Amino acid sequence: MKCTNQVKTIRESKLMSKSELARKAGVSALTVDRIERGESCRLETKRKIILALGYSLDDKNKVFQD
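The rules we used
- Residues numbered from 1 in each chain as written.
- Predicted model: local features only at pLDDT ≥ 70, side-chain atom pairs only at ≥ 80, totals over all residues.
- Heavy atoms only, no water.
- Helix = DSSP H or I, 4+ residues; strand = E, 2+ residues; numbered from the N terminus.
- Rg over C-alpha atoms; globule rule 2.2 N^0.38 Å.
- Contact = heavy atoms within 4.5 Å.
- Areas by Shrake-Rupley, 256 points an atom, 1.4 Å probe, with all protein chains shown as cover.
- Lys, Arg positive; Asp, Glu negative; His and termini not counted.
- Charge placed at Lys NZ, Arg CZ, Asp CG, Glu CD.
- pLDDT = per-residue confidence, 0-100.
- UniProt positions renumbered as here; feature names shortened; annotations may be inferred.
- Phe/Tyr/Trp six-rings, centres within 6.5 Å; stacked < 30°, edge-to-face > 60°.
- Lys NZ or Arg CZ within 6 Å of the ring centre and 35° of its normal.
- Core = buried A, V, L, I, M, F, W, Y, C linked by side-chain atoms within 4.5 Å.
- Buried < 20%, exposed > 50% of the residue type's maximum accessible area, 1.4 Å probe, protein only.

## Here we look at the overall build of the protein
Alright, step 1. Counting its regular elements, the protein contains five helices and zero strands.
Alright, step 2. Overall, the protein shows an N-to-C arrangement of helices and strands of α-α-α-α-α.
Alright, step 3. For the protein, whose C-alpha radius of gyration is 10 Å, the value lies close to the compact-globule estimate of 11 Å for 66 residues.
Alright, step 4. If you take every contact in the protein between residues at least 6 apart in sequence, the share linking residues at least 24 apart comes to 56%.
Alright, step 5. Of the accessible surface of the protein, which amounts to about 4,200 Å², a share of 51% is contributed by carbon and sulfur atoms.
Alright, step 6. If you average the places of the 15 positive and of the 9 negative side-chain charges in the protein, the two averages end up 2 Å apart.

Encoded structure:
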């Protein structure tokens, strides 16, 4: 199932590498890569990505549109 998201766009606008986002979120760079390709992930992983990008959980729809 594809998951529409803005992770790559937001990450690049913050001049952040995949590995830096992965480190901040506490997930693997491979996980970040899969999410950016639109593959589904666990809710906990989405939460970690949202917070690592500097957004609050209230802004989740700015990052993930599902």
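## Notes on the confidence of the model for the protein
Alright, step 1. Residue-level pLDDT values for the protein average 94, and 97% of them are 70 or greater.
Alright, step 2. Within the protein, helix 5 (residues 60-63) has the poorest average pLDDT of any element, 94, and helix 2 (residues 18-25) the best, 98.

## Some remarks on the UniProt feature "domain: HTH cro/C1-type" (unreviewed entry) in the protein
Alright, step 1. The feature "domain: HTH cro/C1-type" (unreviewed entry), as annotated in UniProt, sits at residues 7-60 in this numbering.
Alright, step 2. A distance of 11 Å separates the end C-alpha atoms of residues 7-60, which is 63% helix and 0% strand.

## Details of the packing of aromatic side chains
Alright, step 1. All chains considered together, the criterion is met by zero aromatic pairs.
Alright, step 2. In this arrangement the basic side chain of Lys46 is found over the ring face of Phe64, its NZ or CZ atom lying 5.4 Å from the centre.

## What to know about the nonpolar core
Alright, step 1. The biggest cluster of nonpolar side chains holds 16 residues, and the ones touching the most others in it are Val7, Leu21, Ile49, Leu53, Val63 and Phe64.
Alright, step 2. At the level of elements, helix 1 (7-13), helix 2, helix 3 (29-36) and helix 4 (43-52) are the ones that each hand at least two residues to this core.
Alright, step 3. In this structure, Phe64 is in contact with Cys3, Thr4, Asn5, Val7, Ile35, Lys46, Ile49 and Ile50, ignoring residues within four places of it in sequence.

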